[in-house]
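# Chain and residue survey
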Amino acid sequence: MNAKRVLFGAGDCTAGALVGVATALAVRAVVPAGADMVGAMMVGMVIGTLVHLVVGIALTPLLGMFETMVPGMFIGMYGGMFFAMRDSMQAVGIATAVSVGAVFGVAVTLGIAFWNIQLRHLTNAEFRLPLGGHEPGA
Amino acid sequence: MNLRKKWDRASITYDLLTFGEDLRQGDDKRTLFSRARGRTIFVAVGTGADIKYFPPGLDVIALDISARMIERARQKAALYEGRFELGVMDVQQLEFADESFDTAVTACTFCSVPDPVRGLRELFRVLKPGGQLLMFEHMRSSNPMVGLALDAMTYVSRLLGPDLNRDTVTNVRRAGFQIIREQNVYLDIVRAIEARKPHAS
């Protein structure tokens, strides 16, 4: 494994942790314990989406647009919903919000990286279901 | 906003915004572009960041819709070990004769062309029969969750530059090309595509 891959991998995980922490803190600031859970989850999703856009745009020059935006999108949208669900049920401390946000962000980033390893370098001929839903070479 | 003005403006920050992507995907571009041969048309040269990935010794005519992009590309084009001409032109209205190129190359181009099929048909027209089309493009993911998110993000990205949800492979087919090979570069969003203009039957 070369240095470039290691550095970009570390950068991706850091970016994921940043989006997770920022989303968790923003949601914690907006959603009080006892709030309606469905409404809180919708608010959390919007907050997470906005957070990932801001962090994503800031980190795109260093890490690349899609490599930043795709994991960020999952962390922001789903993390925002999950964090809002939790915060509507119980008040959590800052340390818990930060640590759970960071772990969630890194976990999603690693999941997307694993997914990319499965898909990367596959060609249309190697896909059982061809890319884009069409017959290879048709 | 006028398309030329949008890309003139984008030329100021283009190299900065694509710095990381260039580092990550440069090797994949070099592999794809190594298949170029003969007289080559390179569409949307931008600031010339991709010129270094072309194999030496080609006869390349590189175009962009933005004069500011072309200005920034001149220095990099001068370093190319071969013939590398630059010009301002819209891929939807190419000013070249039919069947005048052996290879057409694009890199993150057809995410931004307003009428991609029209642009691809122009490339089809200027390529010789059997000529190849080499594309390094991002497009809509076939995964529904990622695809929908790219649809939503396109409302924002379009203001700054590209669409994120084009169905480029289908557009290539609609223009008349035969797909030889598609290869994923990042998930199934960024792909290297090789296509060919069929010989007349």
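About the cut-offs
- Residues numbered from 1 in each chain as written.
- Chains lettered and ligands numbered in written order.
- Predicted model: local features only at pLDDT ≥ 70, side-chain atom pairs only at ≥ 80, totals over all residues.
- Heavy atoms only, no water.
- Helix = DSSP H or I, 4+ residues; strand = E, 2+ residues; numbered from the N terminus.
- Buried < 20%, exposed > 50% of the residue type's maximum accessible area, 1.4 Å probe, protein only.
- Contact = heavy atoms within 4.5 Å.
- Core = buried A, V, L, I, M, F, W, Y, C linked by side-chain atoms within 4.5 Å.
- Pairing = 2+ DSSP bridges.
- Axes fitted to C-alpha atoms, helices over the stretch in contact; angles between N-to-C directions.
- pLDDT = per-residue confidence, 0-100.
- Patch = residues over 30% accessible without salt bridge, like charges linked within 9 Å, V, L, I, M, F, W, Y side chains within 5 Å.
- Areas by Shrake-Rupley, 256 points an atom, 1.4 Å probe, with all protein chains shown as cover.
- Salt bridge = Lys/Arg side-chain N within 4 Å of Asp/Glu carboxyl O.
- Parallel < 35°, antiparallel > 145°, perpendicular 65-115°, else oblique.
- Nonpolar A, V, L, I, M, F, W, Y, C, P; charged D, E, K, R; others polar.

We now examine the overall build of chain A. For chain A, the count of helices and strands is 4 helices and 0 strands. Its helices and strands taken in sequence order, chain A reads α-α-α-α from the N to the C terminus. In chain A, buried positions account for 46% of the 138 residues. In chain A, once contacts between residues fewer than 6 apart in sequence are set aside, the share between residues at least 24 apart is 78%.

It is worth spelling out the nonpolar core at this point. Burial of nonpolar side chains together is a common tendency in soluble globular proteins. Core analysis: the biggest nonpolar cluster contains 59 residues, and Phe42(B), Val45(B), Phe54(B), Phe84(B), Leu86(B) and Ile189(B) have the highest contact counts within it. The element that contributes the greatest number of residues to this core is helix α3 (residues 65-89) of chain A, accounting for 8 residues. If sequence neighbours within four positions are ignored, Phe42(B) has contacts with Asp50(B), Phe54(B), Val60(B), Ile61(B), Ala62(B), Leu63(B), Phe84(B), Val105(B), Thr106(B) and Ala107(B). Ile61(B), Val91(B), Val113(B) and Ile193(B) belong to the second-largest nonpolar core, a separate cluster that totals 26 residues.

All names here are of chain B. Ordered by their spatial adjacency, 7 strands build an open sheet running β3-β2-β1-β4-β5-β7-β6, and the pairing between neighbours is mixed. Only two strands of the sheet have a single partner each, and these edge strands are β3 (83-88) and β6 (178-186). Within the sheet, the average angular offset between the axes of one strand and its neighbour, ignoring direction, is 15°. As paired strands, strand β1 (residues 39-43) and strand β2 (residues 59-64) are joined by 5 bridges and run parallel to one another.

Our next topic: the side chain of Asp87(A). All names here are of chain A. With respect to the element layout, Asp-87 can be found in helix α3. Here Asp-87 falls in the buried class, since its relative accessible area comes to 2%. Those residues in contact with Asp-87 that lie beyond four places of it in its chain are Ala-24, Val-27, Arg-28, Val-31, Pro-32, Ala-33 and Val-92.

Let us look at the confidence of the model for chain B. Averaged over all residues, the pLDDT of chain B is 92; the fraction at 70 or higher stands at 99%. Reported confidence for the predicted complex is 0.80 by ipTM and 0.87 by pTM.

Moving on, we come to a nonpolar patch on the surface. Where nonpolar side chains cluster on the molecular surface, the patch consists of Leu62(A), Phe19(B) and Leu23(B) and spans about 290 Å² of accessible area. Considering the arrangement of structural elements, one finds Leu62(A) in helix α2 (residues 37-63). Given the relative accessible area of 53%, Leu62(A) is considered exposed.

Moving on to the side chain of Lys29(B). In this fold, Lys29(B) is placed in helix α3 (residues 19-33). With residues up to four places along the chain from it excluded, the contact list for Lys29(B) reads Asp50(B), Tyr53(B) and Phe136(B).

This paragraph deals with the packing of α2(A) against α3(B). For any two helices packed against each other, the geometry is given by the interaxial angle and the distance between the axes. Packing of α2(A) against α3(B) brings their axes to within 4 Å, and their N-to-C directions diverge by 45°. Judged by the inter-axis angle, α2(A) sits oblique to α3(B). Contact residues: α2(A) offers Pro61(A), Leu62(A) and Leu63(A), while α3(B) offers Phe19(B), Gly20(B) and Arg24(B). Residue classes in the contact of α2(A) with α3(B) are distributed as 4 nonpolar, 1 polar and 1 charged.

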